[in-house]
2 protein chains.
Amino acid sequence: MFTYLPTMNHNLLLESISKHIQLEDNEQQHFLSYVQVKKVKKKEYLLMEGEVNHYAMFVNSGCLRSYTMDKNGFHYIQQFAPEGWWIGDMYSLITKEPGKLCIDALFDSELLLISRVNLDRVYKEIPKFNFYFRVLAEKSLVSFQTRAMENLSLHAKERYEKFCFRYPTLIDKISQKQVAAYIGVTPEFLSKMLHKDPKVNSDFFDVD
Amino acid sequence: MFTYLPTMNHNLLLESISKHIQLEDNEQQHFLSYVQVKKVKKKEYLLMEGEVNHYAMFVNSGCLRSYTMDKNGFHYIQQFAPEGWWIGDMYSLITKEPGKLCIDALFDSELLLISRVNLDRVYKEIPKFNFYFRVLAEKSLVSFQTRAMENLSLHAKERYEKFCFRYPTLIDKISQKQVAAYIGVTPEFLSKMLHKDPKVNSDFFDVD
DNA sequence: CGTCTATTTGAATGTACTCAAAAGCGGTGG
DNA sequence: CCACCGCTTTTGAGTACATTCAAATAGACG
């Protein structure tokens, strides 16, 4: 038998889990036996439109993104997943049917994968993971409820500010094109928006 | 001691639960002891902006809505909750902090309420409810992920069609104003949209 | 019946898109 | 190390979708 001792690769994930539930040593090892490490290069696909998503993915380093495409080839980014985030096509994971999301890597990344099949085993064998993933799903739900409303009610500039607030570590790492696809405008418009009216606080220049 | 026999009021809820988990008779009674019935009149508030949401609400009959307001007094409807739906301010329920949602009744309605405190007891005393509410949260998550993307990528007309698809029972019951607040347009624009270009399929009228 | 709210309609306006073309930037190969 | 290629960013002119404001009409409810 293998023993599944936690390695450096698992630190971030175990830390996330320990914030919500307490695992016995054997439970931890049992859980980690269901987890595999995967390294991907920038631009590598983890899921393509129309595929069934077999894995929930936890990002150890790097950054993934999930997005949909419309008939005109426009991208709409559903989520970025920097270090410490989970990502996947929840629809496909739940229903086991082909989904509409693409997932790929914005940078070289290291991931932890847990297959849907193993996830079901985890729920059955270590029921407290129902609690962990319930809490995660609820938090994610709040985040998407908020974004759904923001996408209706806010102008592009305000959506840009929300983006900056939500992903402060990404602003200076990803291209404007990615940001545009997240806030739902064309790259051309985002460029114009960021140039005109450069948010100069005129108070700084007030001279008598 | 009271006994908490299921009444007609609980049928819909028990049905929903039984689709996901199986309860022993004593578990069912235990659960129902945490649930209270509430009747509300049309336009009655269940939660106002800035309040802490103490109850998860299940709609037995009638219909609730949750919405936010912007500085101009515009309404943006996050969700309708017709018969058989859960509703609440998930942010406030999770964090125990004041939320930004308002919840009120579109029609006279009958609700089942379970307080956050009792919900925590349920999770502790009948852990399989973690499974039930995890599955619900995941489904709701998918729905809001989808809507967040739709609100970025679709035109008003397409968002209207999605609304019709999502709430087929509501189309002929609620006012255009409510629909406008859900799809994120002004009532004036929705009115124009529904009048011009009345979706006549010209094939039907093709004469040689 | 009267009042209040929802709906309709029109004209002027604004936010964001489309299309086009030029300039900038990064990586790769010779 | 430079030249080239592909992709991103910038900029402009014209357009489209949706809003604002205003006013008239229709509907709902006590």
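In this report, we go over the structure that sits alongside the text. Computed from a prediction, not measured in an experiment: that's the story for all the values here. (Residues numbered from 1 in each chain as written. Chains lettered and ligands numbered in written order. Predicted model: local features only at pLDDT ≥ 70, side-chain atom pairs only at ≥ 80, totals over all residues.)

1. Notes on the overall build of chain A
Then, number 1: In terms of regular secondary structure, chain A is built from 8 helices and 8 strands.
Then, number 2: A principal-axis box enclosing the C-alpha atoms of chain A has dimensions of 75 × 45 × 30 Å.
Then, number 3: Across chain A, every contact between residues at least 6 apart in sequence was considered, and the portion connecting residues at least 24 apart equals 70%. (Helix = DSSP H or I, 4+ residues; strand = E, 2+ residues; numbered from the N terminus. Contact = placed C-beta atoms within 7 Å.)

2. Some words on the pairing of strand β4 (residues 63–69) of chain A
All names here are of chain A.
Then, number 1: In terms of burial, β4 is largely enclosed, as 6 of its 7 residues are buried.
Then, number 2: Pairing of β4 with strand β5 (residues 75–82), which is carried by 7 bridges, proceeds in the antiparallel orientation. Across the sheet, residue L64 finds its bridge partner in β5, namely A81.
Then, number 3: Connecting the antiparallel pair β4 and β5 is a turn made up of 5 residues, with G73 showing a positive phi of about 85 degrees.
Then, number 4: Pairing analysis gives 4 bridges linking β4 to strand β7 (residues 102–105), with the strands arranged antiparallel. Counterpart to L64 in the pairing with β7 is A105. (Buried ≥ 20, exposed ≤ 12 C-beta atoms within 10 Å, placed from the backbone. Pairing = 2+ DSSP bridges.)

3. Here we look at the relation of the copies chain B and chain A
Then, number 1: When chain B is brought onto chain A, the operation consists of a screw motion whose angular component is 180 degrees and whose axial shift is 0.0 Å, with 0.0 Å RMSD remaining. Viewed as a symmetry operation, the transformation between the two copies matches a two-fold axis. (Least-squares fit on C-alpha atoms with pLDDT ≥ 70 in both.)

4. Structural notes on the pairing of strand β3 (residues 55–61) of chain B
All names here are of chain B.
Then, number 1: Counting buried positions along β3 yields 6 of 7 residues, so the element is predominantly enclosed.
Then, number 2: Taken together, the 6 bridges between β3 and strand β8 (residues 109–115) define a ladder with antiparallel strand orientation. Looking at β8, one finds that A56 is bridged to I114.
Then, number 3: Pairing between β3 and strand β6 (residues 86–87): 2 bridges, direction antiparallel. Looking across to β6, one finds that M57 is bridged to I87.

5. Thoughts on the protein's contact with DNA strand C
Then, number 1: Neighbouring DNA strand C are 15 residues, the closest being F189 of chain A together with S175, Q176, K177 and S191 of chain B.
Then, number 2: The set of elements that each furnish at least two residues to the surface near DNA strand C consists of α8 (187–195) of chain A together with α7 (176–183) and α8 (187–195) of chain B.
Then, number 3: With 6 residues, α8 of chain B is the single largest residue contributor to the surface near DNA strand C.
Then, number 4: Partitioning the surface near DNA strand C into residue classes produces 5 nonpolar, 6 polar and 4 charged. (Near = placed C-beta within 6 Å. Nonpolar A, V, L, I, M, F, W, Y, C, P; charged D, E, K, R; others polar.)

6. Thoughts on the interface of chain B and chain A
Then, number 1: Contact with chain B, which involves 27 residues of that partner, is made by 27 residues of chain A.
Then, number 2: Elements that contribute at least two residues to the side of chain B that touches chain A include exactly β5 (75–82), α3 (90–95) and α5 (128–153) of chain B.
Then, number 3: Class assignment of the residues belonging to the side of chain B that touches chain A gives a composition of 14 nonpolar, 8 polar and 5 charged.

7. With respect to the sheet that holds β5 of chain A
Then, number 1: Taken together, the 4 strands give an open sheet; going across it, the order is β2-β7-β4-β5 (chain A), and neighbouring strands pair in antiparallel fashion. Edge positions in the sheet fall to β2 (45–47) and β5 of chain A, since each of these pairs with one other strand and no more. If you compare each strand with its neighbour and ignore which way they point, the axes differ by 25 degrees on average.
Then, number 2: Helix-sheet contacts for helix α7 (residues 176–183) of chain A involve β4 and β5 of chain A, and the interaxial angle to β5 of chain A is about 110 degrees.
Then, number 3: α5 of chain B contacts β4 and β5 of chain A of the sheet and is inclined by roughly 135 degrees relative to β5 of chain A. (Axes fitted to C-alpha atoms, helices over the stretch in contact; angles between N-to-C directions.)

8. Regarding unusual backbone geometry
Then, number 1: The backbone phi angle of K43 of chain A is positive, close to 75 degrees, even though this residue is not glycine.
Then, number 2: Following the sequence through the fold, K43 of chain A ends up in the loop between β1 (35–40) and β2.

9. Comments concerning the protein's contact with DNA strand D
Then, number 1: Within the structure, DNA strand D sits among 15 residues, and S175, Q176, K177 and S191 of chain A together with F189 of chain B are positioned closest to it.
Then, number 2: Listing elements by their share of the surface near DNA strand D, those giving two or more residues are α7 and α8 of chain A together with α8 of chain B.
Then, number 3: The element contributing the most residues to the surface near DNA strand D is α8 of chain A, with 6 residues.
Then, number 4: Split into classes, the residues belonging to the surface near DNA strand D amount to 5 nonpolar, 6 polar and 4 charged.

10. Quick look at helix α6 (residues 156–166) of chain A
What sets the pattern is the α-helix's 3.6 residues per turn: residues three or four places apart point alike.
Residue and element names in this part refer to chain A.
Then, number 1: For α6, every residue scored as buried is listed here: R159, Y160 and F163. Seen end-on, α6 carries its buried residues on one side only, within an arc spanning 105 degrees. Away from the buried face of α6 by more than 90 degrees, exposed residues E158, C164 and F165 are located.
Then, number 2: Looking at the buried side of α6, the elements it contacts are α5 (128–153) and α7. (Arc of directions from axis to C-beta.)

11. Describing the packing of helix α6 (residues 156–166) of chain B against α7 of chain B
All names here are of chain B.
Then, number 1: The N-to-C vectors of α6 and α7 enclose an angle of 110 degrees; their axes lie 10 Å apart at closest approach. Taken as axis vectors, α6 and α7 run roughly perpendicular relative to one another. In terms of crossing hand, the pair formed by α6 and α7 is right-handed. Along its contact with α6, which presents A156, R159, Y160 and F163, the element α7 presents V179, Y182 and I183.
Then, number 2: Its residues assigned to classes, the contact of α6 with α7 comprises 6 nonpolar, no polar and 1 charged. (Parallel < 35°, antiparallel > 145°, perpendicular 65-115°, else oblique. Left-handed = near helix turned anticlockwise from the far one by under 90°.)

12. Things to note about the nonpolar core
Then, number 1: Judged by nonpolar contacts, the single largest core of 101 residues is most densely connected at M57 and L64 of chain A together with M57 and L64 of chain B.
Then, number 2: The two domains that each donate at least three residues to this core are domain 1 (8–153) and domain 2 (154–197) of chain B.
Then, number 3: Excluding anything up to four places from it in sequence, L64 of chain A contacts L46, M57, V59, A81, I87, I103, D104, A105, L106 and S109 of chain A. (Core = buried A, V, L, I, M, F, W, Y, C linked by C-beta atoms within 7 Å. Domains from an automatic or database assignment.)

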